[in-house]
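A closer look at the structure
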Amino acid sequence: QRVGAPEVGAHADAIDAVFAEFDNTRSPGCVVGVHSAGELVFARGYGMADLERGVALKPGSVFRIGSTSKQITAASIALLEQDGLLSLDDPIHRYLPELQDFGTRVTVRHMLNMTSGLRDYLVLTDVAGFRNDEYYTDADLVALLSRQRELNFEPNTDYLYSNSGYFLASQIVLRVAGKSLRDFAKERIFDPLGMTRTHYHNDHSELVPDRALGYSRAEDGYALSMTTLPMTGDGGVFTTVEEWAAWNRNFDDPIVGGPALLETMLTRAVFNNGDTLDYALGLRHGEHRGLSTVAHGGAFVGFRADHVRYPTEDLAVTCFCNLAQTDPSGLARSVAEVILEDRMTPAPPPERPLRLRATNEPVASRPIAAREAEDLVGSFYSEELDVIYTFERDDDGDLRVRFGARSASVRAGPDGNYRTAGFVIRPQRSRGTVSSFFLDAGRVRNLRFERTDS
């Protein structure tokens, strides 16, 4: 139950203090917006939008907002359901027949709830050895996902964040509505809300006035951190703090979609066993010092974003940043604490650092002995990735693996598995040698590789 919108204006100096480290002309930074009773009542930029040209950040600076875009994608699918053109409980193969038959039903809702088990495409491309600046198209990505023969888990029995489901949602919009997600969202969401500069950015060569460039810290200061990838759905929205206020207001006065849209988007996922998740459709329910929140962050290349709503307090905070090493979620919540301190439970005491002590636990990894390395030396092929992993010893006798454009050292773990490039390799042995292996990489599980040189 709402208790009334808080007064914000008196807290301007304290909000400035939250962003003090960025308030200069030498670094990228952030733009913050505070929304009270559905209105943007405070908006200010700290730091630079473009270091080369000396352009400062402002509330009208255009940011890539990464996965914060997912709520717009979910809203687009929900609007198509209102149109009677699809159902969230339809199987995805109805719209994406080229995907493999996983032997189980995966629905549109599962994709948007992050309970589908679909492997994350950003991790798949990493495992395939793509360079950070590699360019691939929507068609290339659909082909990659269509080669996947397994899911990470049985649908709706587990939660694992996956960008693939939201990218595939963009393809469903294209096939059902007959227009791109960019065009659909412009027509049905952005234009009705007056968000004339907000768009899904599906062409990296497109000029964007007032664009904030993305940066990452480097040894000598900062380096550009941008992308040429055209994918939308899992991300891709370009917007400003000023225009995002209209989308935030739609949760109080739902011009787009009406109350039914909000109910659909805010409904939490429910597992097959009846357990309820925090994740809904492109939004995550949470709590901050005793207050309920609805939020979603975003992180891609040099951009970081977060938008958090406090529904019972009539308050929301938007924080968009153009530096990879920022924490917009923490910054947005610090702003909320400035304004809502008297409504929150006491802040927890700072965590005490753990004392280090000697243990008998095995180390995380170790070099591989020469005889042990021979079991892995050779080439292994993944049909799902269409990539070969070649294991070989370098001049120092250490084991390395080459795949795609990448090369990495290989070390032995304490569990009989191997570690390389952040991945876990689980070898399968036959007749005394490794005949195949499974690769796990966080949001990707059980990728199979078969030896090709036996």
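Here the structure is a predicted model, which is why all the values come from computation and not from measurement.

Considerations on the sheet that holds strand S18 (residues 411-412)
Backbone hydrogen bonds are what pair the strands of a sheet, in a parallel or an antiparallel way. The sheet built from nine strands is open, its strands ordered S17-S16-S15-S14-S22-S21-S20-S19-S18 with antiparallel pairing. With partners counted over all chains shown, the strands left at the sheet margins are strand S17 (406-409) and S18, one partner each. Two elements, strand S15 (residues 387-393) and strand S16 (residues 399-403), share four bridges in a ladder whose sense is antiparallel. Bridge assignment links Glu392 to a residue of S16, and that residue is Arg400.

Side note on empty space enclosed by the protein
For the structure shown, the criterion picks out two cavities of 30 Å³ or more. Here the largest cavity is characterised by a volume of approximately 70 Å³. Together, twelve residues line the largest cavity, and Asp252, Arg309, Asp314, Leu315 and Ala316 are the ones closest to its centre. Among the secondary structure elements, those contributing two or more residues to the lining of the largest cavity are strand S12 (303-310) and strand S13 (315-321). Classifying every residue of the lining of the largest cavity gives five nonpolar, three polar and four charged. In terms of lining, the second largest cavity is formed by Gln71, Phe251, Leu283, Val294, Ala295, His296, His307 and Arg309. Every element with two or more residues in the lining of the second largest cavity is listed here: strand S11 (291-300) and S12.

Focus: the sheet that holds strand S10 (residues 284-288)
Strand order in the open sheet made by the six strands is S2-S1-S13-S12-S11-S10, with antiparallel pairing throughout. Among the strands making up the open sheet, the edge pair consists of strand S2 (39-46) and S10. Each neighbouring strand pair of the sheet contributes to a mean axis angle of 20°, computed without reference to strand direction. Two elements, S11 and S12, share seven bridges in a ladder whose sense is antiparallel. When the bridges of S12 are listed, Val294 appears paired with Arg309.

Brief notes about the environment of Asn272
Inspection of the secondary structure assignment puts Asn272 in the loop between helix H9 (258-266) and S10. The exposure class of Asn272 is exposed, given its relative accessible area of 58%. Here Pro155 takes part through its backbone oxygen, which lies 3.5 Å from a polar atom of the side chain of Asn272.

Structural notes on the packing of aromatic side chains
For the coordinates displayed, the defined rule picks out 17 aromatic pairs. Taking 6.4 Å as the distance between ring centres and 40° as the angle between the ring planes, the aromatic pair formed by Phe190 and Tyr200 counts as tilted. Here Phe190 is found in helix H7 (residues 181-190), whereas its partner Tyr200 is found in strand S6 (residues 199-200), with ten residues between them in sequence. Here Phe190 matches Tyr200 in class, with each residue buried. With a centroid separation of 5.6 Å and 90° between ring planes, the pair formed by Phe380 and Phe391 is classed as edge-to-face. Taken together, the residues span a long stretch of sequence, with Phe380 in strand S14 (residues 378-382) and Phe391 in strand S15 at a distance of eleven residues. With a relative accessible area of 1%, Phe391 lands in the buried category. Feature note: the residues Phe380, Tyr389, Phe391, Phe403, Phe423, Phe437 and Phe449 constitute an aromatic cluster, connected by ring pairs. Above the face of the Tyr166 ring, Lys70 is positioned so that its terminal group lies 5.7 Å from the ring centre.

Considering the state of the cysteines
With the rule as written, the count across this model stands at one disulfide. Cys30 shares a disulfide with Cys321; S-S distance 2.2 Å. Across the disulfide from Cys30 to Cys321, rotation about the S-S bond amounts to roughly 100°, and the bridge is consequently right-handed. Of this pair, Cys30 sits in strand S1 (residues 30-36) while Cys321 sits in strand S13; the two residues are 291 residues apart in sequence, bridging distant segments of the chain. Taking relative accessible area as the criterion, Cys321 reaches 0% and is therefore assigned buried. Considering cysteine sulfurs only, Cys321 is the nearest to Cys319, which forms no disulfide, with 3.7 Å between them. Judged by relative accessible area, which is 0%, Cys319 ranks as buried.

Remarks on the confidence of the model for the chain
The predicted model of the chain averages 93 in pLDDT, with 94% of residues at 70 or higher. A low-confidence stretch, residues 355-363 (pLDDT under 50), is modelled with two contacts involving residues beyond four sequence positions or located in other chains.

A few points about the pattern of salt bridges
By the definition in use, this model includes 30 salt bridges. Linking Asp50 and Arg53 is a salt bridge whose minimum nitrogen-to-oxygen distance equals 3.1 Å. Lys179 is paired through a salt bridge with Glu187; the nearest N and O atoms lie 2.7 Å apart. Residue classification places Lys179 among the partly exposed positions, given a relative accessible area of 26%.

A look at the layout of surface pockets
The calculated volume of the largest pocket comes to roughly 410 Å³. Residue lining of the largest pocket: 18 residues in total, with Leu122, Arg131, Asn132, Phe300 and Val301 positioned closest to the centre. If you list the elements that add at least two residues to the lining of the largest pocket, you get helix H4 (121-127) and S11. Of all the elements, H4 adds the most residues to the lining of the largest pocket, at three residues.

Regarding the nonpolar core
Membership of the largest hydrophobic core comes to 95 residues, with the highest contact counts inside it found for Trp247, Tyr389, Phe391 and Leu439. Excluding its chain neighbours within four sequence positions, the residues that come into contact with Phe391 are Leu376, Val377, Gly378, Phe380, Leu399, Arg400, Val401, Val410, Ile425 and Phe437. If you look at the next biggest cluster of nonpolar residues, it comprises 29 residues, including Val32, Leu315, Val317 and Leu340.

Side note on H9
Looking only at H9, the buried set comprises Gly258, Leu261, Leu262 and Met265. Along H9, the residues classed as buried sweep out an arc of 105° about the axis, all on the same side. With respect to the buried face of H9, the exposed residues turned more than 90 degrees away are Pro259 and Glu263. Buried residues in H9 make contact with helix H2 (70-82) and helix H8 (241-249).

Cut-offs and rules
Residues numbered from 1 in each chain as written. Predicted model: local features only at pLDDT ≥ 70, side-chain atom pairs only at ≥ 80, totals over all residues. Heavy atoms only, no water. Pairing = 2+ DSSP bridges. Helix = DSSP H or I, 4+ residues; strand = E, 2+ residues; numbered from the N terminus. 1 Å grid on protein atoms, 1.4 Å probe; cavity = no way out; pocket = protein on both sides within 12 Å on 5 of 7 lines; lining within 4 Å. Points joined across faces, edges and corners; volume = space filled by probe spheres on them. Nonpolar A, V, L, I, M, F, W, Y, C, P; charged D, E, K, R; others polar. Axes fitted to C-alpha atoms, helices over the stretch in contact; angles between N-to-C directions. Buried < 20%, exposed > 50% of the residue type's maximum accessible area, 1.4 Å probe, protein only. Polar contact = N/O pair within 3.5 Å; in protein donor to acceptor, adjacent residues only side chain to side chain. Phe/Tyr/Trp six-rings, centres within 6.5 Å; stacked < 30°, edge-to-face > 60°. Lys NZ or Arg CZ within 6 Å of the ring centre and 35° of its normal. Disulfide = S-S within 2.5 Å. pLDDT = per-residue confidence, 0-100. Contact = heavy atoms within 4.5 Å. Salt bridge = Lys/Arg side-chain N within 4 Å of Asp/Glu carboxyl O. Core = buried A, V, L, I, M, F, W, Y, C linked by side-chain atoms within 4.5 Å. Arc of directions from axis to C-beta.

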